[in-house]
Amino acid sequence: MLERRLHRGVAHACALLSDERLMSKKTCPMCEMDEILDHGDRLECATCGHEWTQDPAPEEAPAERVVKDAHGNVLADGDIVAMIKDIKLKGSSDVLKVGTKSRPIRLVDGDHEISCKMDGMAIALKACFVKKVQP
Ligand SMILES: [Zn+2]
C-alpha cells in the first residue's frame, strides 16, 4: 500500500515537470479525467491510478542513420574497415592491432555500430576506432 502511494507520488512529480505531454488530451478509460501520465509503454491516470497499455504510437520513420568512420567517411554494409588503434577485446586477452582489416562489415543499431569479423572473430566495433579502406 505504502509502495503504491510512493509510486504515485513520483509519477505525479513527473507529470508536473512534463506539462506538455499532458496536452495530448488522452483520457482515462476509467474516470475520463485527462491527467494522464505517460510511462512510455503504459499510461497511468493521475486521478484514479488506473494503468493501461498505450496504443502503439504510429511509428515515425527512423531518420536515416549515418555511420561515419574516424575520418568522417560514411560507412555502408559491405565496406572494409581497418583499425586505427589497438583495441583490447572485452572479455579476452586478444588485441586487435592497428591496421587489422575487417571482413565486409554490417551496420547495426546500438552503441557499437559495426558488426564484422576480424582475425576470424565476430566482433562489434565502434565506428570511431576504424577507417574505411579499399578491399
Ligand atoms: Zn482515471
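Before any of the text, the structure's been laid out above.
Fair warning: this is a prediction, and the values are worked out from it, not measured in the lab.

### With respect to the nonpolar core
Turning to step 1, where the next piece is worked out: In this structure, L75, V81, M83, L96, I105, I114, C116, M118, A127 and V130 together form the largest nonpolar core, which totals ten residues.
Turning to step 2, where the next piece is worked out: For this core, the element with the most residues is strand β10 (residues 114–118), which contributes three residues.
Turning to step 3, where the next piece is worked out: The contacts of M83, once residues within four sequence positions are left out, are L96, K97, V98, G99, T100, F129 and V130.

### So, the environment of Q134
Turning to step 1, where the next piece is worked out: As for its position among the elements, Q134 is in the segment after β12 (130–133).
Turning to step 2, where the next piece is worked out: Between the alpha carbons of Q134 and V81 there is a distance of 8.0 Å; along the sequence they are 53 residues apart.

### Focus on the sheet that holds strand β11 (residues 121–125)
Backbone-to-backbone hydrogen bonds pair the strands of a sheet. The strands run either parallel or antiparallel.
Turning to step 1, where the next piece is worked out: Strand order in this open sheet of three strands is β9-β10-β11, and the pairing throughout is antiparallel. Edge strands, defined here as strands with exactly one partner in the open sheet, are β9 (106–107) and β11.
Turning to step 2, where the next piece is worked out: Bridge count between β10 and β11: five bridges; the pairing is antiparallel. Bridged to S115 within β11 is A124.

Thresholds, definitions, all that
- The numbering scheme is per chain: residues are counted from 1 as the chain's sequence reads.
- This being a predicted model, a pLDDT of at least 70 is required before a residue's local features are given, and a value of 80 or more before pairs of side-chain atoms are given or counted; all residues contribute to the totals for chains, interfaces and linings.
- The term nonpolar core refers to a set of buried Ala, Val, Leu, Ile, Met, Phe, Trp, Tyr and Cys residues connected through C-beta atoms within 7 Å.
- Counting other C-beta atoms within 10 Å of a residue's C-beta gives its exposure: the residue is buried at 20 or more, exposed at 12 or fewer, and partly exposed in between, where C-beta atoms are placed from the backbone.
- A helix here means a DSSP run of H or I that spans at least four residues, while a strand means a run of E at least two residues long, and both kinds are numbered starting from the N terminus.
- Whether two residues are in contact depends on their C-beta atoms, placed from the backbone: they are in contact if these lie within 7 Å.
- Any two strands are treated as partners once DSSP identifies two or more bridges connecting them.

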